[in-house]
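Chains, contacts and geometry: an overview
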Amino acid sequence: MDPTQINILNQRTAKPVPLTAMGFGGAPLGNLYRAITEEDAQGALQAAYDCGIRFFDTAPQYGLGRSEARFGEALRRFGRHTVQLSTKIGRLLVDCEPHEVTPEAFVDVPQKRIVFDYTYDGVMRSYEASKQRIGVDHADVLLVHDVDVFSQGSQEASDAKVRELFDGGGFRALTELRASGDVTAIGAGVNEWQVCERLLGLGDFDGFLLAGRYTLLEQEALDSFLPLCIERDVGIILGGPYNSGILASGPVPGAKFNYADAPPDIIERVEKIEAVCKAHNTPLIAAALQFVMGHPAVKTVIPGAVSADEVRSNVAVFQTAIPSQLWSDLRGEGLIRPDAPLPMENGRAA
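Structure report, in brief.

**Some remarks on the overall build of the protein**
- Looking only at helices and strands, the protein has 13 helices and 14 strands in total.
- Taken over C-alpha atoms, the radius of gyration comes to 19 Å for the protein, in line with the 20 Å a tight globule of 350 residues would show.
- Viewed in the frame of its principal axes, the protein has a C-alpha envelope of about 55 × 45 × 40 Å.
- The buried share of the protein, taken over its 350 residues, is 57%.
- Of the contacts formed within the protein by residues at least 6 apart in sequence, a portion of 73% connects residues at least 24 apart.
- Of the accessible surface of the protein, which amounts to about 13600 Å², a share of 50% is contributed by carbon and sulfur atoms.
- Of the charged side chains in the protein, 32 are positive and 46 negative; the average position of the first set lies 3 Å away from that of the second.

What follows is the structure in structure tokens.
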């Protein structure tokens, strides 16, 4: 597979967003779990650009603005017109006292605290602040961030944020930005497909950044959400293709699944998937990264990286030739769903 392959998000409009088949996910550059140097951050971004990647995703949450600022530094080298950029709304960053800093999973962050705000004013303020941090006059894709149960803590809290988005004018702000050309496409960046499906029932969205919910281990989204995306011509930006670790590391001690230690049933399933991969001399990580591209709704996959070497490794994995029999064997052994589209069926074989 070629990371410079062009897929299209938002084909229903006169100005679709071209996305490379592989993009760059910016969460690690916000110092996710550990601090990384400015040299490594810029090296990762430069390597992505040099490898032909042209879609870059970030958010205010990622390091309380640190990821966006690092993207801005890189874009001054690349030229804004040469890439497609997405960022997110929903978290305002507010100056605060040191004890009030809300870093979530990020370390070595600016002295800010997060205020969730999905109202009209919150969307506009968040977008303007992001543009200033990145140093650009527009983003191509603007995403509602983390209105899901995973991020908000309960179904009740998630429902409240969705109501705020629509009743408080946040969605109206997004559609105004799209109509004026300030952004080309709008959507949501979340950890659960169910809230995406709900949002599609409430408004006209162009695409979704779905993290970790369509992978070699999880295909429940095939039941209703992904078919709806095909029906509505809605594109998916696929994050978290490794389920936060285990599909990259394999079933090793301490392997992570959805940000926690992998439970025994997941370890057992990954062992079986890895055995099929080994029988075809294919790294598990390559199968995980390429599997998601088999679905026609998935327009790009955005693995993260914290160094130039990691970027080049991701690209090499993405380009690894995978025999079609591997996919057939995974399907035949019941390790992926029989209705899961395969890369070879979607014209995306390596």
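After that view of the structure, there is still more to cover.
**Focus on the packing of helix α5 (residues 155-167) against helix α7 (residues 193-202)**
- Two elements in contact, α5 and α7, have axes separated by 12 Å at closest approach and are oriented at 30 degrees. Accordingly, the angle class assigned to the pair α5 and α7 is roughly parallel. Note that α5 runs across α7; the crossing there is right-handed. Here Ser-158, Asp-159, Val-162, Leu-165 and Phe-166 of α5 lie close against α7, whose contacting residues are Val-195, Arg-198, Leu-199 and Leu-202.
- The class makeup of the residues in the contact of α5 with α7 is six nonpolar, one polar and two charged.

**Here's the deal with the pairing of strand β8 (residues 141-145)**
- With five of five residues buried, β8 lies mostly within the body of the structure.
- Neither face of β8 is open: one carries Val-141, Leu-143 and His-145, the other Leu-142 and Val-144, and all of them are buried.
- Here five bridges tie β8 to strand β9 (residues 185-190), and the two strands are oriented parallel to one another. Following the sheet pairing, Leu-142 is matched in β9 by Ile-186.

**Some words on the environment of Tyr-118**
- The topology assignment puts Tyr-118 in the loop between β7 (112-116) and α3 (120-134).
- In this structure, the C-alpha to C-alpha distance between Tyr-118 and Val-144, residues 26 residues apart in sequence, is 8.0 Å.
- Apart from the residues within four sequence positions on either side, Tyr-118 is in contact with Ile-89, Gly-90, Val-123, Val-144, His-145, Asp-146, Val-147, Gln-152, Lys-161, Glu-164, Leu-165 and Gly-170.
- A polar contact is formed between the side chain of Tyr-118 and the backbone oxygen of His-145, at a distance of 2.5 Å.

**Observations regarding the nonpolar core**
- With 97 residues, the main nonpolar core has Phe-24, Phe-208, Leu-216, Phe-225 and Ile-236 as its most contacted residues.
- Per-element accounting of this core gives the leading share, seven residues, to helix α11 (residues 284-291).
- If we skip the residues at most four places from it in the chain, Phe-225 touches Trp-193, Cys-196, Glu-197, Leu-200, Phe-208, Leu-210 and Ile-236.
- Formed by ten residues, the second largest nonpolar core is a distinct cluster that contains Val-17, Leu-19, Ala-185 and Ile-237.

**Focus on the packing of aromatic side chains**
- Tallied over the full model, the rule gives 16 aromatic pairs.
- Here the aromatic rings of Phe-56 and Phe-71 are separated by 6.1 Å at their centres, their planes lie at 90 degrees, and the arrangement is edge-to-face. Taken together, the positions of Phe-56 in strand β4 (residues 55-57) and Phe-71 in helix α2 (residues 66-78) put the pair 15 residues apart, joining distant regions of the chain.
- Given a relative accessible area of 2%, Phe-56 falls into the buried group.
- For Phe-71, a relative accessible area of 2% corresponds to the buried category.
- Ring geometry for Phe-205 and Phe-208: centres 5.7 Å apart, planes at 35 degrees, overall tilted.
- Under the relative-accessibility criterion, Phe-205 is labelled buried at 0%.

What counts and what doesn't
- Residues numbered from 1 in each chain as written.
- Predicted model: local features only at pLDDT ≥ 70, side-chain atom pairs only at ≥ 80, totals over all residues.
- Heavy atoms only, no water.
- Helix = DSSP H or I, 4+ residues; strand = E, 2+ residues; numbered from the N terminus.
- Rg over C-alpha atoms; globule rule 2.2 N^0.38 Å.
- Buried < 20%, exposed > 50% of the residue type's maximum accessible area, 1.4 Å probe, protein only.
- Contact = heavy atoms within 4.5 Å.
- Areas by Shrake-Rupley, 256 points an atom, 1.4 Å probe, with all protein chains shown as cover.
- Lys, Arg positive; Asp, Glu negative; His and termini not counted.
- Charge placed at Lys NZ, Arg CZ, Asp CG, Glu CD.
- Axes fitted to C-alpha atoms, helices over the stretch in contact; angles between N-to-C directions.
- Parallel < 35°, antiparallel > 145°, perpendicular 65-115°, else oblique.
- Left-handed = near helix turned anticlockwise from the far one by under 90°.
- Nonpolar A, V, L, I, M, F, W, Y, C, P; charged D, E, K, R; others polar.
- Pairing = 2+ DSSP bridges.
- Polar contact = N/O pair within 3.5 Å; in protein donor to acceptor, adjacent residues only side chain to side chain.
- Core = buried A, V, L, I, M, F, W, Y, C linked by side-chain atoms within 4.5 Å.
- Phe/Tyr/Trp six-rings, centres within 6.5 Å; stacked < 30°, edge-to-face > 60°.

These values are about where atoms sit, not about what they do.
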